[in-house]
Amino acid sequence: MERTFVMIKPDGVRRGLVGRIISRLEDVGLKLVGIKILRADEELVREHYPDDPEWLEAVGKKTLTTYKDYGMDPLERIGTDDPVQIGRLVREKLVEFITSGPVVAMVWEGNHAIEVVRKLVGNTVPLFAQPGTIRGDLSADSPDLADREGRPVYNLVHASGDPEEAEREVRLWFRDEELCA
Ligand code: ADP
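A brief structural summary.

Here the focus is the sheet that holds strand β3 (residues 103-110). Spatial strand order, β2-β3-β1-β4: 4 strands in an open sheet with antiparallel pairing. Of all the strands in the sheet, just β2 (31-38) and β4 (157-159) have a single pairing partner and so form its edges. With strand direction ignored, the average angle separating the axes of adjacent strands in the sheet is 15°. With 7 bridges joining them, β2 and β3 adopt antiparallel strand pairing. In the sheet register, lysine 31 faces β3, and the bridge partner there is glutamate 109.

Turning our attention to the packing of aromatic side chains. Per the counting criterion, the structure on display carries 4 aromatic pairs. With a centroid separation of 5.2 Å and 25° between ring planes, the pair formed by phenylalanine 5 and tryptophan 173 is classed as stacked. Linking phenylalanine 5 in strand β1 (residues 2-8) with tryptophan 173 in helix α10 (residues 163-173), this pair joins segments that are 168 residues apart in sequence. With respect to class, phenylalanine 5 is no different from tryptophan 173; both count as buried. For the cation-ring pair, lysine 36 lies above phenylalanine 174, with the distance from its terminal atom to the ring centre recorded as 4.5 Å. Against the face of tyrosine 154 rests arginine 151, its NZ or CZ located 4.0 Å from the ring centre.

Analysis parameters
- Residues numbered from 1 in each chain as written.
- Predicted model: local features only at pLDDT ≥ 70, side-chain atom pairs only at ≥ 80, totals over all residues.
- Heavy atoms only, no water.
- Pairing = 2+ DSSP bridges.
- Helix = DSSP H or I, 4+ residues; strand = E, 2+ residues; numbered from the N terminus.
- Axes fitted to C-alpha atoms, helices over the stretch in contact; angles between N-to-C directions.
- Phe/Tyr/Trp six-rings, centres within 6.5 Å; stacked < 30°, edge-to-face > 60°.
- Buried < 20%, exposed > 50% of the residue type's maximum accessible area, 1.4 Å probe, protein only.
- Lys NZ or Arg CZ within 6 Å of the ring centre and 35° of its normal.

See the structure below:
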């Protein structure tokens, strides 16, 4: 049994998709063991998306791959092709966005919960996310539009990527007594 952290981001809450997103996770048999709606403050969001070179580089590299797929020049669009710098720019936009409205924070439990949730959530970029996934079915956002509007990609949910991240995020967002055994 694994536990994973899932957050419905402000775009998901604003669009009234909380119930549908929860249903999709319940449909595969995952168990909801913690849930709350809150307005996250800047400190919490900065801890959630850490100022860690490894994380920044990973996000930047993913972005560069997306730009390559689109045939877009990162220098022209964002002024840099350095992955860490790109990661830092994305992080700043994320902090502004995630603190802009309420989010729903949840902990889900089940067999291979981390992998199952990531599969259901789909590709980071909704335009590339497969039909049948939350991001693929409920959004069509893309980085080129996001860049033009000076905001992060709106992709409705965050889900932990691996066991280490899951443990860190569950601890960051929930106290033990807020979780059901
Ligand atoms: P995921 O949420 O799928 O784990 P990442 O950890 O790589 O994706 O990125 C964190 C979040 O940053 C994404 O969910 C998305 O909202 C935003 N983001 C990532 N890359 C970009 C980008 N190139 N432009 C705008 N926003 C981005």
